[in-house]
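Architecture and fold: a report
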Amino acid sequence: MIDVNAYLGHFAFRQLRYNTADKLLALMDRKKIERAVVSSAAAITYRNTQAGNEEVAAEIRNHRDRLIGAAVLNPVYAGWRDDLKICHEEFGMKALRLYPRWHNYKLTSRPAIELANAAAERGMAVTIPIRAEDPRQQSWLVDIPNVDYNEIAGLIRAVPRAHFILLSGNGFLGSVLGRKDSGLGSNYSIEICRLSALVENELGALIRNLGEDRIVFGTGMPFHYPDPALVKMEVLDASAATKEKIRRGNAARIFNLPGA
């Protein structure tokens, strides 16, 4: 399995377990997760996100066979172009991670579009967490709403050569992002950690609407336990071939990994 939604480092408002490379890899071994795309939890609240990217790069330096870095960058912060170059060329990071609500910009703004285009030019996937944590668990010091789906759709339209991965979201069926024949391009995928696989079965509906090639496995660990995502894959009413694409194949293709 390839987990496209994982984190390393400290978070400003709560203690995270399994937040070092060694601890995360031990957890992955127990859960039979082969690889994970990791970004800095600390960079969500760092004023200069590059400090968090440097911390993650140091953590994964000896584990590049299993941990894939995702650069957290803020397009309205001076120097992001240099930081993107360092993250890609020196740190070997294969993805960009955006936090428009935490970093106070709109995805449809010119700086955000420029950053997404720059990442696409480098072949980096653009990942967008809908939220970092459950709003009910947020500190009294912050009130950070979920990312708006129409705003995401605007960025997807504006940067058709990028491949976007939407993380830690649900309720896509009520938006343009989850509808069949919506007019959007196929340049985005949806990660499963908050999707239902029973009762409403949003996961199954998205497979039907978007296709099995556009759903990817993720857990949100260590913000979340990995077990719910694993159980969803077990109970999902889909063929073994479809499950294999979601568990590994689709992410391997997006990140150009061996065996894709």
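Because the structure is predicted, anything quoted here is derived from the model rather than measured.

Focus: the sheet that holds strand S6 (residues 164-167)
An order of S1-S2-S3-S4-S5-S6-S7-S8 is seen for the eight strands of this open sheet, with the pairing classed as parallel. Of all the strands in the sheet, just strand S1 (2-8) and strand S8 (215-216) have a single pairing partner and so form its edges. Two strands pair when backbone bridges link them, and S6 and strand S7 (residues 188-191) are joined in this way by three bridges, in the parallel orientation. From the neighbouring strand, Phe164 faces S7, where its bridge partner is Tyr188.

Observations regarding the nonpolar core
Grouped together as the largest cluster of nonpolar side chains are 67 residues, with contacts concentrated most on Ile152, Phe164 and Leu177. Top contributing element to this core by residue count: helix H5 (residues 110-121), with six residues. Contact partners of Leu177, with chain neighbours within four places excluded, come to Tyr149, Ile152, Ala153, Ile156, Leu166, Phe172, Leu184, Tyr188, Ile190 and Leu210. In terms of nonpolar packing, the next biggest core, distinct from the first, is built from 15 residues, Val37, Ala70, Ala252 and Ile254 among them.

Topic: the packing of aromatic side chains
All told, the structure shown has six aromatic pairs when counted by the stated rule. Each ring, one from Phe11 and one from Phe13, has its centre 5.9 Å from the other, and the planes form 75°; the classification is edge-to-face. Using a relative accessible area of 6% as the deciding quantity, one classes Phe11 as buried. Taking relative accessible area as the criterion, Phe13 reaches 31% and is therefore assigned partly exposed. The structure contains a cluster of three or more aromatic residues connected by ring pairs, namely Tyr7, Phe11, Phe13, Trp102 and Phe223. Directly above the ring of Tyr7 sits Arg97, whose terminal nitrogen or CZ lies 5.4 Å from the centroid. Over the ring of Tyr188 we find Arg214, and its NZ or CZ is 4.4 Å from the ring centre.

Here we look at the pattern of salt bridges
Oppositely charged side chains are able to pair whenever their charged atoms sit close together. Evaluated as defined, the whole model comprises 14 salt bridges. Notably, a salt bridge pairs Glu114 with Arg81, separated by 3.0 Å at the nearest N-O pair. Here the residue Glu114 occupies a position in helix H5, and Arg81 occupies one in helix H3 (residues 80-90), the gap between them amounting to 33 residues. On the basis of relative accessible area, Glu114 is assigned to the partly exposed category, the value being 33%. Residue Arg122 is joined to Glu89 by a salt bridge in which the shortest nitrogen-to-oxygen separation is 3.1 Å. Pair noted here: Arg122 is in the loop between H5 and strand S5 (125-129) and Glu89 is in helix H3, with a separation of 33 residues, a long-range link. According to the relative accessible area criterion, Arg122 is partly exposed, its value standing at 27%.

What to know about a nonpolar patch on the surface
Together, Leu198, Val199, Val231 and Val235 make up an exposed nonpolar region whose accessible area comes to about 400 Å². Look at Val235 and you get partly exposed, because its relative accessible area is 37%.

Structural notes on the side chain of Glu133
Mapped onto the elements, Glu133 comes out in the loop between S5 and helix H6 (149-158). Leaving out residues up to four positions away in the same chain, Glu133 has contacts with Phe11, Arg14, Gln138 and Ser139.

Some words on the pairing of strand S2 (residues 35-40)
Counting buried positions along S2 gives six out of six residues, so the element sits mostly inside the fold. Every second residue of S2 is oriented toward a common face, with Arg35, Val37 and Ser39 on one face and Ala36, Val38 and Ser40 on the other, all of them buried. Handedness of the crossover joining S1 and S2 through helix H1 (residues 21-31): right-handed. Here S2 runs beside strand S3 (residues 67-72); their pairing, made up of three bridges, is parallel. By the bridge assignment for S3, Val37 is matched with Ile68. At this point the chain moves from S2, through helix H2 (residues 50-60), to the parallel S3, and the crossover so formed is right-handed.

Structural notes on helix H9 (residues 240-254)
Given a rise of 1.5 Å per residue, 15 residues ought to cover 21 Å, and the 20 Å separating the end C-alpha atoms of H9 matches this to within 8%. The largest bend along H9 measures about 55° and falls at Ile246. Within two residues after H9, Asn256 carries a phi angle of roughly 55°, on the positive side.

A look at the environment of Ala51
Along the polypeptide, Ala51 turns up in helix H2. Residues Ala51 and Lys31, spaced 20 residues apart in sequence, show a C-alpha to C-alpha distance of 30 Å.

With respect to the environment of Val76
With respect to the helices, strands and loops of the structure, Val76 is situated in the loop between S3 and H3. Under the relative-accessibility criterion, Val76 is labelled partly exposed at 47%. Along the backbone, Val76 and Phe255 are 179 residues apart, and their C-alpha atoms lie at a distance of 26 Å. If we skip the residues at most four places from it in the chain, Val76 touches His103, Tyr105 and Pro111.

Reading the values: the criteria
- Every residue gets a number counted from 1 within its own chain, in the order that chain's sequence is written.
- It should be noted that, the model being predicted, local features are given only for residues of pLDDT at least 70 and side-chain atom pairs only at 80 or more, the latter also being counted only at that level, while totals for whole chains, interfaces and linings use all residues.
- Values shown for side chains rest on all heavy atoms present in the structure; no hydrogens or waters enter the calculation.
- For two strands to count as paired, DSSP must find a minimum of two bridges between them.
- Labels follow the DSSP assignment, with helices taken as runs of H or I lasting at least four residues and strands as runs of E lasting at least two, numbered in each case from the N terminus.
- To qualify as a nonpolar core, a set must consist of buried Ala, Val, Leu, Ile, Met, Phe, Trp, Tyr and Cys residues joined through side-chain atoms within 4.5 Å.
- Only protein chains enter the accessibility calculation, which uses a 1.4 Å probe; a residue is then buried when its area is under 20% of its type maximum, exposed when over 50%, and partly exposed in between.
- In this description, contact between two residues means that some pair of their heavy atoms is separated by no more than 4.5 Å.
- Pairing of aromatic rings covers Phe, Tyr and Trp, the last through its six-membered ring, and needs centres within 6.5 Å; plane angles under 30 degrees mean stacked, over 60 mean edge-to-face, and all others mean tilted.
- A positively charged side chain is recorded as over a ring if its NZ (Lys) or CZ (Arg) lies within 6 Å of the ring centre. The angle to the ring normal must also be within 35 degrees.
- We count a salt bridge whenever a side-chain nitrogen from Lys or Arg sits within 4 Å of a carboxyl oxygen from Asp or Glu.
- Like-charged residues within 9 Å of one another, or nonpolar side chains (Val, Leu, Ile, Met, Phe, Trp, Tyr) within 5 Å, are grouped into patches, provided each residue has over 30% relative accessible area and no salt bridge.
- To be clear on the numbers: accessible area is Shrake-Rupley with a 1.4 Å probe, and residue cover counts the displayed protein chains and nothing else.
- Assignment of crossover handedness uses the view with strands pointing away from the viewer, where a clockwise path from the first strand over the helix to the second indicates a right-handed crossover.
- A helix's residues, less one, multiplied by 1.5 Å, set its expected span.
- Think of it this way: the bend at a residue is just the angle between two axes, each fitted to seven residues, one set ending at that residue and the other starting at it.

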